[in-house]
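Reading the structure
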Amino acid sequence: MIKLVYVIVRRADLSVEAFRDYWLNNHGPLVAAQAGALKLRKYVQSHPFDDPASEGMRAVRGMRGPADGVTEVWWDSLEAFQSAYATPEGAASGRILAKDEAKFIDFEKSAVFLTEEHVIFDHTAGRGPGPDAVKATYLLTRRDGLSQGECHDTWLKDHGPLVGSFAGPLRMAKYVQSHAIAPEINAGMQAGRNYEPPLDGITEVWVNSLEEMAAGGEGAAEAAMALVEDERRFVQMDRSRLFLTREHVIFDHTR
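How each quantity is defined
Residues numbered from 1 in each chain as written. Predicted model: local features only at pLDDT ≥ 70, side-chain atom pairs only at ≥ 80, totals over all residues. Heavy atoms only, no water. Helix = DSSP H or I, 4+ residues; strand = E, 2+ residues; numbered from the N terminus. Rg over C-alpha atoms; globule rule 2.2 N^0.38 Å. Buried < 20%, exposed > 50% of the residue type's maximum accessible area, 1.4 Å probe, protein only. Areas by Shrake-Rupley, 256 points an atom, 1.4 Å probe, with all protein chains shown as cover. Lys, Arg positive; Asp, Glu negative; His and termini not counted. Charge placed at Lys NZ, Arg CZ, Asp CG, Glu CD. Core = buried A, V, L, I, M, F, W, Y, C linked by side-chain atoms within 4.5 Å. Pairing = 2+ DSSP bridges. Phe/Tyr/Trp six-rings, centres within 6.5 Å; stacked < 30°, edge-to-face > 60°. Lys NZ or Arg CZ within 6 Å of the ring centre and 35° of its normal. Contact = heavy atoms within 4.5 Å.

**Brief notes about the overall build of the chain**
A tally of regular secondary structure across the chain gives nine helices and eight strands. Scaling as 2.2 N^0.38, a compact globule of 255 residues should have a C-alpha radius of gyration of about 18 Å, and the chain matches this with 18 Å. With the principal axes as the frame, the chain shows a C-alpha extent of 55 × 40 × 40 Å. Here the chain holds 255 residues, and the buried ones make up 48% of them. Taken as a whole, the chain presents about 11600 Å² of accessible surface, with 52% of it coming from carbon and sulfur. Positive and negative side-chain charges in the chain, numbering 28 and 37 respectively, have mean positions lying 3 Å apart.

Written out as structure tokens, the structure reads:
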């Protein structure tokens, strides 16, 4: 499967509350109604929430502030994604969604890119994190001077196992890396709405609750700092973001 990641910044004339309400309760059902025509397999909205831990994680890294939200949409394949919009029905559905997105999204401050997921570990036995789970959402731009391939290689082969070694003290339930793919398609989507440049990927780390994350385990502080230092090898911190979110699964037709 492939996954489209949509990093959303709201329109300036909308409050945070109005934006989130419209995105979840108006746009979410509208996307669900177009799922058949667009061959959508799964659709998840991740909504940020205020917590001191978010600011702490950003401050130690010198990162950008949070986006207003992240949409993730899955297709069976890149071919399924491309063919969906090539049909009259898919094209019409795409226009319906684009018209609605313009009501609440600032396109020029948002970003869209296609990715492929790499599940580094899942300690939930496939059940998924618990009902009180929170997710650290890490929007990654590669370090200056690195090619995308070099960034992805270091992230997957070096950093991934390092994160896995600290899953216990940091109370991580699941960890997924999503690496940007299809650069020509991503560039075309960017140009179509004058989005910000596509990112190089997104990391998602789930913990079962805020309380569990805050409690940590023995060596949690040292583990967290070790990860920050390793991230500096391949992440351009001042052009990346990290913030806590809660997921809203609008539909999942993969089960």
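Still to come is the rest of the account.
**Some thoughts on the nonpolar core**
Core analysis: the largest hydrophobic core is formed by 28 residues, its most contacted members being Tyr-138, Leu-140, Leu-170, Met-172 and Phe-234. Counting residues per element, the ones that place at least two in this core are β5 (134-140), α6 (148-165), β7 (201-207), α9 (220-231) and β8 (241-252). Ranked by the residues each element gives to this core, the list is headed by β5, at four residues. Residues Phe-19, Ala-35, Leu-40 and Ile-105 belong to the second largest nonpolar core, which totals 26 residues.

**Focus: the pairing of strand β1 (residues 2-8)**
Burial within β1 is extensive, with seven of its seven residues counted as buried. Judged by which residues are buried, β1 turns out to be covered on both faces: Ile-2, Leu-4, Tyr-6 and Ile-8 on one side and Lys-3, Val-5 and Val-7 on the other are all buried. When β1 meets strand β3 (residues 69-75), the two strands line up antiparallel, connected through seven bridges. Looking at β3, one finds that Ile-2 is bridged to Trp-75. Here β1 runs beside strand β4 (residues 111-122); their pairing, made up of five bridges, is antiparallel. Bridging across to β4, Leu-4 finds its partner in Leu-114.

**As for the packing of aromatic side chains**
Applying the stated criterion to the full structure yields nine aromatic pairs. Here Phe-121 and Tyr-175 contribute two aromatic rings whose centre-to-centre distance is 5.7 Å and whose plane-to-plane angle is 50 degrees, an arrangement assigned as tilted. With Phe-121 in strand β4 and Tyr-175 in strand β6 (residues 174-180), this residue pair connects regions lying 54 residues apart in the sequence. Classification of Tyr-175 as buried rests on a relative accessible area of 1%. Each member of the aromatic cluster is reached from another via a ring pair, and the members are Phe-19, Tyr-22, Trp-23 and Phe-104. The ring of Phe-107 has Arg-193 sitting right over it, with the charged end atom 4.5 Å from the ring centre. Sitting over the ring of Phe-49, Arg-246 keeps its end group 4.1 Å from the ring centre.

**What to know about the environment of Val-134**
With respect to the helices and strands, the residue Val-134 is situated in strand β5. For Val-134, a relative accessible area of 2% gives the class buried. Between the alpha carbons of Val-134 and Val-205 there is a distance of 8.4 Å; along the sequence they are 71 residues apart. Setting aside its immediate chain neighbours within four residues, Val-134 contacts Phe-49, Val-205, Trp-206, Val-207, Ser-209, Leu-210, Thr-245 and Arg-246.

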